[in-house]
Amino acid sequence: MASSSRVSKEEDELMGKYSNIDEYGFIRGKDFDYKSYENFFSEYTTVLAKRAARWNWLLDDGAKTKIKTDFRVKRFCRKGIPMQFRKMVWMNISGAQKRLDKNTGLYRRLVNDYQTSASDESLLDAIQTDIDRTFPDNVHYRSGETAKKGKRPELDRVLTGVGRYKKEIGYCQGMNYIAALLLLIIDDEESVFWLMVTLLEDILPPDYYTNSLVGIRTDMEVLGDLVKERNPAVSSCFERESIDWVLISSKWFICLYADILPTETVLRIWDCLFTEGSKILFRVALQLISIRADKVKLADDMPSIIEAFRDFNKDDAALECHAFMQDCFVEKTPLRMSQIKKLRKIHENKLKNDDKEVEARRNKKQ
């Protein structure tokens, strides 16, 4: 009993030390593990202090307002960008700042001075439906009376602007989580708009968010090939139960892990995403699969395998973002972009041909 009382007292003290709302506005639930968070954060603050000192040196104590990607910057980004520099670094290394500078006022015109149409009304309805589902556990995206004071109007405008600018995409589920988290970090909707455009046009493959989702489906096939090569035991379990990776990991890629992993871990992933491109999505996926590999091997049916991949946001291995990101870059076999591009081309062509055949059969029946 004494031991139980001591644990309970320690938990109460930690709950008193930390707010039930984190620094990004997410409400910590009743099952939040304050002890694990204390263990992680007590060490991570030292990492943050060291990284801030290094970035201050690199950016002349914040005097530099532009930065280009080189080997040193890439290495710095892999180890994490301090929050105070994230907006400037993300905007510059991604190319979003150049887009903004060349298109002054375009975002406002898309949002405020736009001739609506039937397709536009459909876009607005789809966005509004998903805004209601976006981060319901975040105080900035609450519905009801507080909605107008939060970030929901900004999210609505950003997604509307993106949908009108990228008409071939419009809106796709998953984009809401990306834009919503960007708004929490950057707090400037025009910059968020251009980061979203840069993701769609430069960083992610084409057709990631089109109706066919060919880009996502292609990357799921690529991931399956990589797992077969690097974690054959897990791949065998999936083949035994005839499980497609789309079922497990499509949402990981669609929302860029924003609704999958702890926020700090997602931001560390995005530090690399804006610097190095979409290869980091595969590095993270392979690491998550490695973390749950033992559970998968013990699973004896499809539901058990699916269950093995749940609740990464509560997993200490994912919470400890610095160690997690280091592990993502530890490789016995180098993961090269040339390999990913080659696999993407093979699977994209096959999927598009399959889609054409399905469409042809459908038209023949009509």
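As for the environment of Ala52
Item 1. Summarising the element assignment, Ala52 is placed in helix H2 (residues 34–58).
Item 2. The exposure class assigned to Ala52 is buried, which follows from its relative accessible area of 18%.
Item 3. Placed 107 residues apart in sequence, Ala52 and Leu159 show a C-alpha to C-alpha distance of 32 Å.
Item 4. Once you skip the residues sitting within four places of it in the chain, Ala52 turns out to touch Pro82 and Gln84.

Concerning the environment of Thr333
Item 1. Looking at the element boundaries, Thr333 is found in the loop between helix H19 (321–328) and helix H20 (337–365).
Item 2. Distance from Thr333 to Glu229, taken between C-alpha atoms, is 9.7 Å for residues 104 residues apart in sequence.
Item 3. Setting aside residues up to four positions removed in sequence, Thr333 forms contacts with Glu229 and Arg230.

Some points on the nonpolar core
Item 1. By size, the foremost hydrophobic cluster in this structure holds 108 residues, and its most contacted members are Tyr209, Trp252, Phe253, Tyr257, Trp270 and Phe309.
Item 2. No other element matches the 11 residues that helix H9 (residues 175–186) contributes to this core.
Item 3. Tyr37, Phe40, Tyr44 and Leu319 belong to the second-largest nonpolar core, a separate cluster that totals 8 residues.

Quick notes on the packing of aromatic side chains
Item 1. Enumeration according to the criterion identifies 25 aromatic pairs in this entry.
Item 2. Taking 6.3 Å as the distance between ring centres and 50° as the angle between the ring planes, the aromatic pair formed by Phe253 and Tyr257 counts as tilted. This pair shows no difference in class: Phe253 is buried, exactly as Tyr257 is.
Item 3. Feature note: the residues Phe238, Trp245, Trp252, Phe253, Tyr257, Phe282, Phe309 and Phe312 constitute an aromatic cluster, connected by ring pairs.
Item 4. In this structure, Arg28 packs its charged tip against the face of Tyr37, placed 4.8 Å from the ring centre.

Conventions we followed
Residues numbered from 1 in each chain as written. Predicted model: local features only at pLDDT ≥ 70, side-chain atom pairs only at ≥ 80, totals over all residues. Heavy atoms only, no water. Helix = DSSP H or I, 4+ residues; strand = E, 2+ residues; numbered from the N terminus. Buried < 20%, exposed > 50% of the residue type's maximum accessible area, 1.4 Å probe, protein only. Contact = heavy atoms within 4.5 Å. Core = buried A, V, L, I, M, F, W, Y, C linked by side-chain atoms within 4.5 Å. Phe/Tyr/Trp six-rings, centres within 6.5 Å; stacked < 30°, edge-to-face > 60°. Lys NZ or Arg CZ within 6 Å of the ring centre and 35° of its normal.

By themselves, these figures tell us nothing about what the structure is for.
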